[in-house]
Amino acid sequence: MAGHRLSTSSTSAQAPVDAYLNELSHLLHGPRRRRTRILAELRDGLGQAIADHTTHGRAEGQAVESVIDQFGTPQAVADAFADELITASARRTIAWYIATGPLVGTWWLQLLQPHPWRAGVLGLLAAIPILPLIAVAIATAAGTFATTGRLIRWLPEASPDRAACAAIAIAALAVVGDLAVITLYLQSDASLRPLAIVAISCSAVRIGCSVVALLHATRMRRSSTL
Amino acid sequence: MLPMRPELLKGHLDALLLAVLEPGPQHGYAVIESLRSSSDGALDLPTGTVYPALHRLERAGLIASDWETVGGRRRRAYRLTASGHTALREQRAIWDQFAAAVTAVLRGRPWPATV
């Protein structure tokens, strides 16, 4: 953890706080930036609380002990943050697919059906048979984003487990979709032109990233249910 | 005054945090202290429950946060957004109704109260 020190406390107060936050840092799982911010925020809170206690006449050692007790054990604090971190992780994964989906899809669209408006729905489906999978992934992503973000004031909030499941489902759909289009293209008689190489490369990179995302989301979900 | 068990506050913590932030921006520890002091020690919540609740409110867009550096230390200050002010008004109305109904049942009084 980046060294933000307790400006008002001595080294004897610093050591237990460092040990506490170090233990907590090993128990928090989720996006690195979020974890760093949580630890920085808690370090500040601990510092404030210790300064508050010492201002009211308590010995520094007692103040540190009391404040750490008041904050809860590292495991309890990690457990309290687990839901938020799982949701943040699922949202980040889904946001990544929303951002990269068009980047990969554009190449395949240009390759398999360069004139989608002329082809009509059936023509488009014949050229790109994974379109239903993409529709399911988009609906899942939109639903999860809506029910874990600002719309939770009006919509029922998705549980962290459900958000993680949605991220897993979208990653799995991406793997299946990418593998399917690559296989279909390679099995066709079409030549391997530069556009095809770009599309296949983009899908191959996304398959790799999707496998990592799948493993990560599955691990986070499993750790939350233990 | 007896401290309340955190599970008793389930469902009301959001409104309490919004109310504490209504007068102006505060950092996490100050929010916890405000809850404690304004309830005369009754709402002495474990810190572990307050920080994640603040993060959830930020995700919902009801509060926003800004990082500042104070005395070499990074500090995150939370403030109510326009949606947060609206949500607080709604929560207050819901609470008034809920509290009147529960009081009526517990005290054996008719509800809604007729004057």
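Every chain is numbered independently, its residues counted from 1 as its sequence is written. Key to labels: chains lettered from A, ligands numbered from 1, both in the order written. Two thresholds apply to this predicted model, a pLDDT of at least 70 for residue-level local features and 80 or more for giving and counting side-chain atom pairs, whereas whole-chain, interface and lining totals are computed over all residues.

### Here we look at the overall build of chain A
Selection criterion: To qualify as a helix, a DSSP run of H or I must reach at least 4 residues; to qualify as a strand, a run of E must reach at least 2; elements of each kind are numbered from the N terminus. The globule rule used for comparison is 2.2 Å times the number of residues to the exponent 0.38, while the radius of gyration itself is calculated over C-alpha atoms. Each residue is classed by its C-beta neighbour count within 10 Å, where at least 20 other C-beta atoms makes it buried, 12 or fewer makes it exposed, and intermediate counts make it partly exposed; the C-beta atoms are placed from backbone geometry.
When its secondary structure is counted, chain A shows eight helices and zero strands. Ordering the α and β elements of chain A from the N terminus gives α-α-α-α-α-α-α-α. The C-alpha atoms of chain A give 24 Å as radius of gyration, which overshoots the globular expectation for 226 residues (17 Å, by more than 25%). Taking the principal axes of the C-alpha coordinates as reference, chain A spans close to 80 × 40 × 30 Å. Taken across its 226 residues, chain A has 29% of its residues classed as buried.

### Quick word on the sheet that holds strand β3 (residues 73–80) of chain B
Pairing between sheet strands relies on hydrogen bonds along the backbone, with the strands arranged either parallel or antiparallel. Residue and element names in this part refer to chain B. Here is the rule: By definition, two strands form a pair when at least two bridges between them are found by DSSP. In this description, any two residues whose backbone-derived C-beta atoms lie within 7 Å of each other are considered to be in contact. Axes, fitted as lines to C-alpha atoms, cover a helix only where it is in contact. Angles between the N-to-C directions of the axes lie from 0 to 180 degrees.
Strands sit in the order β1-β3-β2 across an open sheet of three strands; the sheet is antiparallel. Each of the sheet's edge strands pairs with one partner strand only, and the pair in question is β1 (26–27) and β2 (63–70). Relative to β3, β1 runs antiparallel, the two being bridged by two bridges. For Q26, the partnering residue across the bridge sits in β3 and is Y78. Together, β2 and β3 form the strand contacts of helix α3 (residues 47–59), whose direction differs from that of β2 by roughly 120°.

### Focus on the interface of chain B and chain A
For clarity, the cut-off: Charged means Asp, Glu, Lys or Arg here, nonpolar means Ala, Val, Leu, Ile, Met, Phe, Trp, Tyr, Cys or Pro, and polar covers whatever is left, Gly included.
Between chain B and chain A, the residue contacts involve 22 residues of the former and 23 residues of the latter. By residue number, the principal contributor to the side of chain B that touches chain A is α3(B), which donates eight residues. A breakdown of the residues in the side of chain B that touches chain A according to their chemical character gives six nonpolar, ten polar and six charged.

### Some words on the domain arrangement of chain A
Size of an interface: often given as the accessible area lost when the parts come together. All names here are of chain A. For the record, the criterion: Domain start and stop positions are those given by an automatic or database domain assignment.
We note that the domain assignment places domain 1 (11–72) and domain 2 (83–225) within chain A. Each of domain 1 and domain 2 has a C-alpha centre, and the two are 40 Å apart. Taken together, the five residues of domain 1 in the interface contact seven residues of domain 2. A per-class count over the side of domain 1 that touches domain 2 returns two nonpolar, two polar and one charged.

### Some points on helix α4 (residues 74–112) of chain A
One turn of an α-helix holds 3.6 residues; hence residues three or four places apart share an orientation. Using the following cut-off: Expected span, for any helix, means 1.5 Å times one less than how many residues it has. Working definition for bend: take the seven residues up to and ending at a residue and the seven starting at it, fit an axis to each, and measure the angle between the axes.
In this model, α4(A) (39 residues) spans 53 Å end to end at C-alpha, consistent with the 57 Å of a helix rising 1.5 Å per residue. Where α4(A) bends most, at A:A82, the angle is about 40°.

### Observations regarding the confidence of the model for chain B
Using the following cut-off: A residue's pLDDT is the predictor's confidence in that residue, given on a scale from 0 to 100.
Mean pLDDT for chain B: 87, with 90% of residues reaching 70 or above. What the predictor reports for the complex is a pTM of 0.85 with an ipTM of 0.82.

### Description of the pairing of β3(B)
Bridging between β2(B) and β3(B) involves eight bridges; their strand directions are antiparallel. For B:S65, the partnering residue across the bridge sits in β3(B) and is B:Y78.

### Examining the nonpolar core
The condition is simple: By our criterion, buried Ala, Val, Leu, Ile, Met, Phe, Trp, Tyr and Cys residues that link up through C-beta atoms within 7 Å make up a nonpolar core.
By size, the foremost hydrophobic cluster in this structure holds 59 residues, and its most contacted members are A:A167, A:I170 and B:V31. Composition of this core by domain shows at least three residues from each of domain 1 (11–72) and domain 2 (83–225) of chain A. Those residues in contact with B:V31, other than ones at most four positions away along the chain, are B:L17, B:V20, B:L21, B:Q26, B:V50, B:L54 and B:Y78. The next biggest cluster of nonpolar side chains, apart from the first, holds six residues, and it includes A:V104, A:L112, A:V181 and A:A199.

### Notes on the packing of α4(A) against helix α6 (residues 131–146) of chain A
All names here are of chain A. We count it as follows: Throughout this description, any angle smaller than 35 degrees is read as roughly parallel, any larger than 145 degrees as roughly antiparallel, any in the 65 to 115 degree range as roughly perpendicular, and the remainder as oblique. By definition, any crossing whose near helix is turned counterclockwise from its far helix by less than a right angle is left-handed, and any crossing with a clockwise turn is right-handed.
Running from amino to carboxyl end, α4 crosses α6 at an angle of 140°, the nearest separation of the two axes being 10 Å. Between α4 and α6, the interaxial angle falls into the category oblique. Seen from above, α4 lies across α6 with left-handed handedness. Only A141, T144 and F145 of α6 make contact with α4, whose side of the interface consists of A90, R91, I94, Y97 and I98. Of the residues contributing to the contact of α4 with α6, the split by class is six nonpolar, one polar and one charged.

### Details of α3(B)
Residue and element names in this part refer to chain B. Helix length check: α3, at 13 residues, gives a terminal C-alpha distance of 19 Å against a target of 18 Å (1.5 Å per residue), a fit within 8%. Every buried residue belonging to α3 is among T47, G48, V50, Y51, L54, H55, R56 and L57, and all of these are buried. G61 lies just past α3 and shows a positive phi near 80°.

### Comments concerning the packing of helix α1 (residues 13–21) of chain B against α3(B)
Residues and elements named next belong to chain B. At a closest axis distance of 10 Å, the pairing of α1 and α3 adopts a crossing angle of 85°. Our classification of the angle between α1 and α3 gives roughly perpendicular. Within the contact between the two elements, α1 uses L13, D14 and L17 and α3 uses A53, L54 and L57. A breakdown of the residues in the contact of α1 with α3 according to their chemical character gives five nonpolar, no polar and one charged.

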